[in-house]
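Spelled out from the first residue to the last, the chains are:
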Amino acid sequence: MNSLSLLAPALAFLGGVDPWIFTFAFITVVVTIGMGFWSAKQSKTASDFFVAGRSVSVGWNASAISGEYLSAASFMGIAGMVMASGYDVLWYPVCYACGYLFLLLFIAGPLRRFGAYTIPDFAEGRYDSPLFRKIAVCFVLFIGFVYTMPQMKGAGVTLAYIFPGMPYWGGVALVGAVITLNVSLGGMKGITLVQAFQYWIKMFAISVPVFVLMAVFGFYNGHLGANAAPGETAAPTTEIARKPLVEKAPPDTKWIAPFGPLTTKAVGAAAAKLPAEQRAAFLAEHQKPYSLLYTYSLIIALVCGTAGLPHILVRFYTNPDGGAAKRTTMWVMILIGVFYVFPPIFGVLGRNLAPDLYTGVGAKGTDKVVLELPRAVGGVLGSIMSGITCAGAFAAFMSTFSGLLVSMTGAFAHDIYGRMLRPNARPAEKLFMFKIGAIVIGAIAIVLGSQVETLQINFMVNQAFAIAASSYFPLLFMSVWWRGMTMTGAATGMLGGGLAALACTGTIILGDIGKVNLADFWAYHPLLRILAEQPAIWTMPLSIILMVVVSKATAPSVPADIRMKMLVLHAPEQLGLKQEYIEEHAPGAGH
Amino acid sequence: MSHPNPPADDAVHSESFLRSLMRRQLALSTTCAATFLAVLLGMPLLNYFAPALMATRVGGFTLSWLILGVLFFPFVWVISWLFIQRSIALENEEVAAVRKAKEAR
């Protein structure tokens, strides 16, 4: 009797759930957790927990890096944002993929040769400074938390779609709790296997529904051709059955052409505040130049931010040698490059087939086009396709959030606890703190994630990348290639650029979720709005300039054995310099 | 500091070896990066100064959309493949040079 009355609200909550969609999502979660438990049995030592015992093959590692990298932003966010804003959003997938090239060209090889568990290890080893390590650890946590927010939004949107009765925060809390449990049980060894598996789920889940949709409703080029470009009087393709656009949707010519709604929003808002007769002149003068500035700043943030993301970099250490690290990067570029062709197709098809999404806000807006659109196929096939994309979305936010949680918890257990608070902690105690740390950090991420329902997934990732591009990227790039860097210079540059970007990001996010009312201020200062929304174009140079100037001023404190350090960073591993370096540093060096 | 630089008399630890090592590696990386950046940063300029050309239709796509949404990825694969080949060859040359210098002594 009593149990029945408890069941009733639970059943009401399940009302309206599509069984196919529920089944696919459920299987993904169960398999993920099952693999976590299974591999927990295999990983026993602390070293296993932190970097998977450094023995992961190229194929596995490339799939795992790609799996971790293709987050909710890639799986759901790009499609939603392409649908909302059109051409300008294509920079996101392109730069997400190309950031890897920068990593490969300048950073991956040297860092791997230097050999360390984490970025803070690198910071300490390169400058012989435990203080710098602490600063670097704080940044791992900062960037990590900013990057967890979009993943949590993805979780909230997906669960609100699967269970129409569930509030946004409920989805965030449920998914966050499940992943946190999984990480605290499995560590990174488990994650490598799970991540690799999840890459292939995501690839399958984004490509198969696209092909089915295109087979039914017409191909990518046809759907794009149904939108008139600037200078065309009519769209070239007429055989595509378009649903009528709603009022909130951007018009064809703005949507399909560069410098559209995304990059001109700030100037548009400023023009709206002007008297009507001045508007046209103001737009003509400022719109395109400001858009160009926005585009370049976005490119810098995304390309350099990739090279600075802590949870991606840590994976280079799981390769057996430098050559394998390079081959891994090549495979990652191929795996993610192929993937990134697909999400924009969802956005393009969504514009023609599901325009009613333009009117939704938060969890009901365009961010869910990947989940919703396959249903347009109709019947059981539509439900199955939608179930497949839901499974992919689960794989996306679960894998990225797991990876972040591992790297943040690793920083916490390995650095903050193991080196700062309790340097004499036994391995078992560190392992225990890893589990506690995972739970605390997971809980904070859930609270942060529940606040950001109205922000676009992709936009939040962009903000995390801007911070990474202005802190870690200059640090790594300059430390590897310029021997004149001092610890003071590196720390000043990293903090100066990183905190400047963080301040901009914080202001924009607080303003956009309505905690602070800045709309009027931004409307009167469109240039400031762009420079705060996309700070990388000035914060990254700021960081590098600070590094050079301060390092020159403190030149005497360049580490005395800098030539040896540079040799370890650059000489081929076959020469065995790393071993020599470790032996020299052995007494009390803390490596 | 208690760890001075090692003596500069043998080939591996010499200043000139490190300089040539870093210069050759950086030259390779910079060449690849410059090729990539010319295309990446050139795209917005083309969009800005030649909007009509970039709006040309190619089988339904606009030219700009086709390049950025599809063709850019294979282009990046080619650059990274070339870089990896050259970079592995470079390392092998360096190792061979050091071994030769050691045998000669």
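Residues numbered from 1 in each chain as written. Chains lettered and ligands numbered in written order. Predicted model: local features only at pLDDT ≥ 70, side-chain atom pairs only at ≥ 80, totals over all residues. Heavy atoms only, no water.

**Side note on the overall build of chain A**
Right, on to step 1. Scanning chain A from N- to C-terminus turns up 27 helices and zero strands.
Right, on to step 2. Considering chain A as a whole, with its 591 residues, one finds that 62% of them fall into the buried category.
Right, on to step 3. Total accessible area on chain A stands at roughly 19800 Å², and carbon and sulfur atoms take up 70% of it. (Helix = DSSP H or I, 4+ residues; strand = E, 2+ residues; numbered from the N terminus. Buried < 20%, exposed > 50% of the residue type's maximum accessible area, 1.4 Å probe, protein only. Areas by Shrake-Rupley, 256 points an atom, 1.4 Å probe, with all protein chains shown as cover.)

**Focus: the nonpolar core**
Right, on to step 1. Tyr96 and Tyr340 of chain A together with Trp65 of chain B are the most contacted members of the largest nonpolar core, which totals 205 residues.
Right, on to step 2. Take this core: its biggest share by element is 19 residues, from helix H8 (residues 130-162) of chain A.
Right, on to step 3. Leave out the neighbours within four places in its chain, and Trp65 of chain B touches Val82, Gly86, Tyr87, Leu90, Tyr220, Leu224, Trp255, Ile256 and Val348 of chain A together with Val70 of chain B.
Right, on to step 4. In terms of nonpolar packing, the next biggest core, distinct from the first, is built from six residues, Phe459, Cys504, Leu518 and Ala532 of chain A among them. (Core = buried A, V, L, I, M, F, W, Y, C linked by side-chain atoms within 4.5 Å. Contact = heavy atoms within 4.5 Å.)

**Considerations on the interface of chain B and chain A**
Right, on to step 1. With 55 residues of chain B at the contact, the number on the chain A side is 65 residues.
Right, on to step 2. Across the interface of chain B and chain A, roughly 5600 Å² is buried in total on both sides, 73% from carbon and sulfur atoms.
Right, on to step 3. Looking at the side of chain B facing chain A, the largest losses of area belong to Tyr48, Arg57 and Trp65 of chain B, adding up to 14% of the total buried there.
Right, on to step 4. The interface formed by chain B and chain A includes four salt bridges.
Right, on to step 5. With a closest N to O distance of 2.5 Å, Arg113 of chain A and Glu91 of chain B form a salt bridge.
Right, on to step 6. On inspection of chain B and its partner chain A, the count reaches 14 residue pairs in polar contact (both at pLDDT 80 or more).
Right, on to step 7. Those elements that provide at least two residues to the side of chain B that touches chain A are helix H1 (15-49), strand S2 (61-62) and helix H3 (63-104) of chain B. (Buried area = accessible area lost by both parts, 1.4 Å probe. Salt bridge = Lys/Arg side-chain N within 4 Å of Asp/Glu carboxyl O. Polar contact = N/O pair within 3.5 Å; in protein donor to acceptor, adjacent residues only side chain to side chain.)

**Regarding the pattern of salt bridges**
Residue and element names in this part refer to chain A.
Right, on to step 1. Scanning all chains against the criterion turns up 17 salt bridges over all chains.
Right, on to step 2. The salt bridge partner of Asp367 is Lys153, with a shortest N-O separation of 3.1 Å. Within this pair, whereas Asp367 is found in the loop between helix H16 (342-353) and helix H17 (369-372), its partner Lys153 is found in helix H8, the two being separated by 214 residues in sequence.
Right, on to step 3. What makes Asp367 buried here is its relative accessible area of 4%.
Right, on to step 4. Residue classification places Lys153 among the buried positions, given a relative accessible area of 2%.

**A word on the packing of aromatic side chains**
Right, on to step 1. Taken as a whole and assessed by the stated rule, the structure comprises 30 aromatic pairs over all chains.
Right, on to step 2. Ring centres of Phe211 of chain A and Phe342 of chain A lie 5.7 Å apart, and the angle between their planes is 80°; on these two criteria the pair is classed as edge-to-face. Highlighted residues: Phe211 of chain A in helix H9 (residues 168-217) and Phe342 of chain A in helix H16, separated in sequence by 131 residues.
Right, on to step 3. Since its relative accessible area comes to 47%, Phe211 of chain A is described here as partly exposed.
Right, on to step 4. For Phe342 of chain A, a relative accessible area of 10% translates into the label buried.
Right, on to step 5. Judged by centre distance (4.9 Å) and plane angle (85°), the ring pair of Tyr220 of chain A and Phe61 of chain B falls under edge-to-face. (Phe/Tyr/Trp six-rings, centres within 6.5 Å; stacked < 30°, edge-to-face > 60°.)

**Quick look at empty space enclosed by the protein**
Right, on to step 1. In this structure the tally under the stated criterion is six cavities of 30 Å³ or more.
Right, on to step 2. When its volume is computed, the second largest cavity comes out at roughly 130 Å³.
Right, on to step 3. Taken together, 15 residues make up the lining of the second largest cavity; nearest its centre are Arg113 and Lys326 of chain A together with Gln25, Phe83 and Ser87 of chain B.
Right, on to step 4. Residue assignment for the lining of the second largest cavity shows that the elements contributing at least two residues are helix H6 (91-114) of chain A together with H1 and H3 of chain B.
Right, on to step 5. Sorting elements by how many residues they give to the lining of the second largest cavity places H6 of chain A first, with six residues.
Right, on to step 6. Taken together, the residues that form the lining of the second largest cavity break down as eight nonpolar, four polar and three charged. (1 Å grid on protein atoms, 1.4 Å probe; cavity = no way out; pocket = protein on both sides within 12 Å on 5 of 7 lines; lining within 4 Å. Points joined across faces, edges and corners; volume = space filled by probe spheres on them. Nonpolar A, V, L, I, M, F, W, Y, C, P; charged D, E, K, R; others polar.)

**Quick look at the packing of helix H5 (residues 72-85) of chain A against H16 of chain A**
Geometrically, a packed helix pair is captured by the angle between its two axes and the distance between the axes.
Residues and elements named next belong to chain A.
Right, on to step 1. Across the interface, H5 lies against H16 with an axial gap of 7 Å and an inter-helix angle of 40°. With respect to H16, the axis of H5 lies oblique. In the packing of H5 onto H16, the handedness of the crossing is right-handed. The segment H5 lies against H16, with Ser74, Ile78, Ala79, Val82 and Met83 engaging Pro343, Pro344, Phe346, Gly347, Val348, Gly350 and Arg351. (Axes fitted to C-alpha atoms, helices over the stretch in contact; angles between N-to-C directions. Parallel < 35°, antiparallel > 145°, perpendicular 65-115°, else oblique. Left-handed = near helix turned anticlockwise from the far one by under 90°.)

**Some points on H16 of chain A**
Residue and element names in this part refer to chain A.
Right, on to step 1. With 12 residues, H16 should reach 16 Å at 1.5 Å per residue; the first-to-last C-alpha distance of 17 Å fits that figure.
Right, on to step 2. In terms of burial, H16 is a largely internal element, 12 of the 12 residues being buried.
Right, on to step 3. Along H16, the positions that sit buried rather than exposed are Phe342, Pro343, Pro344, Ile345, Phe346, Gly347, Val348, Leu349, Gly350, Arg351, Asn352 and Leu353. (Expected span 1.5 Å × (residues − 1).)

**Some words on the layout of surface pockets**
Residues and elements named next belong to chain A.
Right, on to step 1. By volume, the largest pocket is sized at about 970 Å³.
Right, on to step 2. In terms of lining, the largest pocket is formed by 32 residues, of which the most central are Ala84, Ser85, Lys265, Thr366 and Gln456.
Right, on to step 3. Residue assignment for the lining of the largest pocket shows that the elements contributing at least two residues are H5 and helix H12 (261-272).
Right, on to step 4. Of all the elements, H12 adds the most residues to the lining of the largest pocket, at six residues.
Right, on to step 5. Residues belonging to the lining of the largest pocket are distributed by class as follows: 13 nonpolar, 11 polar and eight charged.

**As for the confidence of the model for chain A**
Residue and element names in this part refer to chain A.
Right, on to step 1. Per-residue confidence for chain A gives a mean pLDDT of 83, with 89% of residues at or over 70.
Right, on to step 2. Ranking the elements of chain A by mean pLDDT puts helix H3 (residues 46-51) last, at 47, and helix H25 (residues 536-553) first, at 95.
Right, on to step 3. Below a pLDDT of 50 lies the segment residues 46-53, which in the model reaches 27 contacts outside its immediate sequence neighbourhood of four places, other chains included. (pLDDT = per-residue confidence, 0-100.)

**Looking at the packing of helix H26 (residues 562-570) of chain A against H1 of chain B**
Right, on to step 1. Remark: H26 of chain A packs on H1 of chain B, axes separated minimally by 10 Å, with the N-to-C direction vectors making an angle of 40°. Classified by the angle their axes make, H26 of chain A and H1 of chain B are oblique. For the element pair H26 of chain A and H1 of chain B, the recorded crossing hand is left-handed. Here Arg563, Met566, Leu567 and His570 of chain A of H26 of chain A lie close against H1 of chain B, whose contacting residues are Glu15, Phe17, Leu18, Leu21, Met22 and Gln25 of chain B.
Right, on to step 2. Residues belonging to the contact of H26 of chain A with H1 of chain B are distributed by class as follows: six nonpolar, two polar and two charged.

**A look at unusual backbone geometry**
All names here are of chain A.
Right, on to step 1. Despite not being glycine, Asp128 shows a phi value in the positive range, around 50°.
Right, on to step 2. Positionally, Asp128 belongs in the loop between helix H7 (119-127) and H8.
Right, on to step 3. Positive phi values are uncommon outside glycine, yet Phe259 reaches one of about 60°.
Right, on to step 4. Summarising the element assignment, Phe259 is placed in the loop between helix H11 (252-256) and H12.

**Overview of a nonpolar patch on the surface**
Right, on to step 1. Where nonpolar side chains cluster on the molecular surface, the patch consists of Phe432, Ile436, Val440 and Ile444 of chain A and spans about 340 Å² of accessible area.
Right, on to step 2. You can call Phe432 of chain A exposed: its relative accessible area is 52%. (Patch = residues over 30% accessible without salt bridge, like charges linked within 9 Å, V, L, I, M, F, W, Y side chains within 5 Å.)

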